[in-house]
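Spelled out from the first residue to the last, the chains are:
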Amino acid sequence: MVIQIIRRFMLVLTCAALTIPLGACTGPGGVDLGKNWAGSEVFVLSKLNGLVAVVGIDPTHHTAEPLAVIPSQSDDDNVLSPRITRLADGRWVVTVPKKGGRPSSLYQVNVKDRILDGLGTVEGGRALFSAGAFVAAVGDRSQSSTGKANVLVYDPTTWQVQRVVDLPIDPATASGGRDGLCIGTVGDAETQVAHTTLGEGSAPTIYRVPELKAQSLDCADGRPIVGGNPGKDGETGASAKLTLTTVNGVVVVSTAAGRVDRVLGDGDSIAAAVSLPGHIDVVELARDGGRELRRVTVSDIGEVSGMRKTPQGWVLTSGSRVATVDLAAGRADAFKLPGELLSAG
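For every chain, the first residue of its written sequence is number 1, and the numbers climb from 1 along that sequence. Totals for whole chains, interfaces and linings use all residues, but because this is a predicted model, local features are given only for residues with pLDDT of at least 70 and pairs of side-chain atoms are given and counted only at 80 or more. To get the side-chain values, all heavy atoms of the structure are used, and hydrogens and water are removed first.

S.K.: I'm lost on the overall build of the chain in this one. Help?
M.R.: Helix and strand assignments come from DSSP, with helices taken as H or I runs of at least 4 residues and strands as E runs of at least 2, each series counted from the N terminus. Helix and strand counts for the chain stand at 1 helix and 30 strands. Remark: exposure states derive from per-residue accessible area (1.4 Å probe, protein chains only) relative to the maximum for the residue type, with buried under 20%, exposed over 50%, and partly exposed in between. A burial count over the chain gives 48% of its 345 residues as buried. A fraction of 42% describes how many contacts in the chain between residues 6 or more apart in sequence connect residues 24 or more apart. To measure how exposed things are, a 1.4 Å probe is used in the Shrake-Rupley method; for residues, cover is taken only from the protein chains shown. Of the roughly 15500 Å² that the chain leaves accessible, carbon and sulfur atoms contribute 49%. Pairs of residues are marked as contacts when any of their non-hydrogen atoms sit within 4.5 Å.

S.K.: Explanation requested: the nonpolar core in the structure shown.
M.R.: The nonpolar side chains of a soluble globular protein tend to be buried, and buried together. What we call a nonpolar core is a set of buried Ala, Val, Leu, Ile, Met, Phe, Trp, Tyr and Cys residues that are connected through their side-chain atoms within 4.5 Å. Residues Ile 57, Ile 70, Val 94 and Val 109 are the most contacted members of the largest nonpolar core, which totals 25 residues. Among the secondary structure elements, those contributing two or more residues to this core are strand S3 (42-48), strand S4 (51-58), strand S5 (63-69), strand S7 (92-96) and strand S8 (104-110). Leave out the neighbours within four places in its chain, and Ile 57 touches Gly 39, Ser 40, Glu 41, Val 42, Val 44, Thr 63, Ala 64, Val 315, Thr 317, Val 322 and Phe 335. Among the nonpolar cores identified, the runner-up in size contains 16 residues, and Ala 136, Ile 169, Ile 183 and Ala 194 belong to it.

S.K.: Honestly, the packing of aromatic side chains in this entry has me stumped. Any pointers?
M.R.: Ring pairs (aromatic) are described by centroid distance and by the angle formed between their planes. Ring pairs shown here join Phe, Tyr and Trp side chains whose ring centres sit within 6.5 Å, with only the six-membered ring taken for Trp; geometry is labelled stacked below 30 degrees between planes, edge-to-face above 60, and tilted in between. Summed over all chains, the structure comprises 3 aromatic pairs. Ring centres 6.5 Å apart and planes at 45 degrees place the aromatic pair Trp 37 and Phe 43 in the tilted group. The class for Trp 37 is buried, based on a relative accessible area of 3%. The class for Phe 43 is buried, based on a relative accessible area of 2%. Seen from their ring centres, Tyr 154 and Trp 159 are 6.0 Å apart, and the 50 degrees between their planes marks the pair as tilted. Owing to a relative accessible area of 4%, Tyr 154 belongs among the buried residues under this scheme. Classification of Trp 159 as buried rests on a relative accessible area of 9%.

S.K.: Explain the environment of Val 69 to me, please; I cannot follow it from the model alone.
M.R.: Topologically, Val 69 is positioned in strand S5. Residues Val 69 and Ser 46, 23 residues apart in the sequence, show an inter-C-alpha distance of 9.6 Å.

Take a look at the structure:
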């Protein structure tokens, strides 16, 4: 496709035209682009010099560097930020919202060729989540003509919409997994979670967790896990003692202290990142019984926006900082993220 070829060429022109054996090259807007594509296992979006960059994080060498700059256009939305999403097949895709709710530009982070590939567009104003064999584009009720929140179900090989699935609740948070999509909303008296397989004619299952203010949601293995505080905002100035229970079919990780920024299932255990004054506690609990297995404290990092498992351990992203956490070794290493974090897939 001619447009895609031109786009790919423009993205790599500055670096390709230079023959620098070592070090970085200068990309658009004076952003120094690195070369560590091969060592990067997690990709995020960061704001650098007024531009949006794809930043690769190398958890082995504890480095993060911008690798590509997202093309900016005059109709880019000034309010909604671009988002990055990791798909089930390992690909990373970026959506760039447009003004007026027009279709968002879609790019793929092409690690092999070290470039961005233009994939066309997806419907604007929606967040993408990998959900089983599909990609779910989640929108709230304001984006639906029926007055109900819904999901556009994309085939990630063609990026064509397969079907539209109505949601029983308005999503405040969402998480994709191998068996479909979970969405959650928090009310004064309870947290509600809905799970849908996104299949033709499938009916969502609704779960209710009373007296919980959920702050995080994970549905990676098909069973909803929520993390939060028991009916009130977390206390401050105390260590985070985590409690694991199952309420109406939902696994609940709760603490009276701090905020459960992220909770993720990991085989026979569950990992949680809890924000406390001046630090983050990363805690691993046994699924069976909730016994605390390991805990590592990470200093010099704020509220966790992204948390992803790699062979070297957990990678946490927050503001202008990255931390790698090896729970087995009891070690954490924090280092600088170039620019300011916009999206962690």
